[in-house]
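# Summary of the model geometry
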Amino acid sequence: MAKADKVCYDREMKDYGPAKGGKKKKDLNAPKRPPSGFFLFCSEFRPKIKSANPGISIGDVAKKLGEMWNNLSDSEKQPHINKAAKLKEKYEKDVADYKSKGKFHGAKGAAKVARKKVEEEDEEDEEEEEEEEDD
């Protein structure tokens, strides 16, 4: 049985290759996504829970925040949700501005731009050297 498994494994691995493309690199200049209403709620109430329960673990704080959020009525959640919606609108506008300014290249585009810049600098250096030699 083990020999048959080994033969099957070897046959399948013969043509195996890693997945193409890989993970996209994140553009550090891109606008940051806004938090949801729940995360805005958490950022407001986390300090209160930690001060009321010193020494409480991070996981227990998260559980408590989740319970508090679930126990809120829709009208009590609404201010946080509205604030999140405003932040989302601002984010979408920022993304549109970011893309329209031509800063959005994606992972491959950013590498191309960097390579092109290096090539241009190399060409300028070569031209300067030629001018110096002519003098």
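In what follows, the structure referred to is the one given above.
The following paragraphs examine the structure supplied in this document. Residue positions are given per chain, counting from 1 as you read along its sequence in written order. The predicted nature of this model means local features are confined to residues of pLDDT at least 70 and side-chain atom pairs, given and counted, to a pLDDT of 80 or more, with totals for whole chains, interfaces and linings taken over all residues. Hydrogens are left out, water is left out, and the side-chain values use all remaining heavy atoms of the structure.

### Thoughts on the packing of helix α2 (residues 37-52) against helix α4 (residues 74-100)
A fitted line through C-alpha atoms represents every axis, and for helices the fit uses only the stretch in contact; the resulting angles, taken between N-to-C directions, go from 0 to 180 degrees. Helix and strand definitions follow DSSP, with helices as H or I runs of at least four residues and strands as E runs of at least two, each counted in order from the N terminus. With their axes 8 Å apart at the nearest point, α2 and α4 run at an angle of 115° to one another. Relative to α4, the crossing made by α2 is right-handed. Every residue of α4 that contacts α2 at Gly37, Leu40, Phe41, Glu44 and Phe45 is listed here: His80, Ile81, Lys83, Ala84 and Leu87. Taken together, the residues that form the contact of α2 with α4 break down as six nonpolar, two polar and two charged. By the definition used in this description, the sense in which the near helix is turned from the far one sets the handedness, with an anticlockwise turn below a right angle giving left-handed and a clockwise turn giving right-handed. By definition, residues are in contact when any of their heavy atoms lie within 4.5 Å. For this classification, the nonpolar set comprises Ala, Val, Leu, Ile, Met, Phe, Trp, Tyr, Cys and Pro, the charged set comprises Asp, Glu, Lys and Arg, and every other residue, Gly included, is treated as polar.

### Section: a nonpolar patch on the surface
Among the surface-exposed residues, Tyr9, Met13 and Tyr16 lie close enough to one another that they form a single nonpolar patch of about 350 Å² accessible area. Inspection of the secondary structure puts Tyr9 in helix α1 (residues 2-14). Relative accessibility under 20% of the residue-type maximum defines a buried residue, over 50% an exposed one, and the middle range a partly exposed one, all with a 1.4 Å probe and only protein chains included. Judged by its relative accessible area of 47%, Tyr9 falls in the partly exposed class. Excluding any residue in a salt bridge, patches collect residues exceeding 30% relative accessible area, merging like charges within 9 Å and nonpolar Val, Leu, Ile, Met, Phe, Trp and Tyr side chains within 5 Å. A 1.4 Å probe and the Shrake-Rupley method give the accessible areas. Residues count as covered only by the protein chains that appear here. Note on definitions: salt bridges are taken to be side-chain nitrogens of Lys or Arg within 4 Å of carboxyl oxygens of Asp or Glu.

### A look at the environment of Lys50
Looking at the secondary structure, you find Lys50 in helix α2. Considered as a pair, Lys50 and Val61 are eleven residues apart in the sequence and their alpha carbons are 7.3 Å apart. For Lys50, the residues in contact, after removing those within four places along its chain, are Ile56 and Val61.

### Points about the side chain of Lys77
In this structure, Lys77 sits in helix α4. Buried charge Lys77 goes without a salt bridge, the closest partner of opposite sign being Asp74 at 4.7 Å. Beyond its immediate chain neighbours, meaning those up to four positions away, Lys77 contacts Trp69 and Leu72. For the purpose of counting charges, residues Lys and Arg are taken to be positive, whereas Asp and Glu are taken to be negative. His and the chain ends are not included.

### Some remarks on the pattern of salt bridges
Counted by the stated rule, this structure contains two salt bridges. The salt bridge partner of Lys6 is Asp10, with a shortest N-O separation of 3.2 Å. Placement of both Lys6 and Asp10 in helix α1 is noted, with a separation of four residues, approximately one turn of the helix. You can call Lys6 partly exposed: its relative accessible area is 48%. Residue classification places Asp10 among the partly exposed positions, given a relative accessible area of 37%. Asp94 is the salt-bridge partner of Lys90, the closest N and O atoms lying 3.0 Å from each other. In this pair, Lys90 and Asp94 are both assigned in helix α4, four residues apart and thus about one turn of the helix distant.

### What to know about the nonpolar core
A general tendency of soluble globular proteins is for nonpolar side chains to be buried together. Counting six residues, the largest nonpolar core is built from Phe41, Cys42, Ile49, Val61, Leu65 and Trp69. Residue assignment for this core shows that the elements contributing at least two residues are α2 and α3 (58-71). Apart from the residues lying within four places of it in its own chain, the contact partners of Trp69 are Gly37, Phe38, Phe41, Lys77, His80 and Ile81. By nonpolar core we mean a set of buried residues, namely Ala, Val, Leu, Ile, Met, Phe, Trp, Tyr and Cys, connected to one another through side-chain atoms within 4.5 Å.

### Regarding the packing of aromatic side chains
Working definition: rings of Phe, Tyr and Trp (its six-membered ring) pair if their centres are within 6.5 Å, and the pair is stacked with planes under 30 degrees apart, edge-to-face with planes over 60 apart, and tilted otherwise. Scanning the entire structure with this criterion turns up four aromatic pairs. Judged by centre distance (5.6 Å) and plane angle (70°), the ring pair of Phe38 and Phe39 falls under edge-to-face. Judged by relative accessible area, Phe38 falls into the partly exposed class, the value being 27%. Centre to centre, the rings of Phe38 and Trp69 are 5.7 Å apart; their planes meet at 70°, and the pair counts as edge-to-face.

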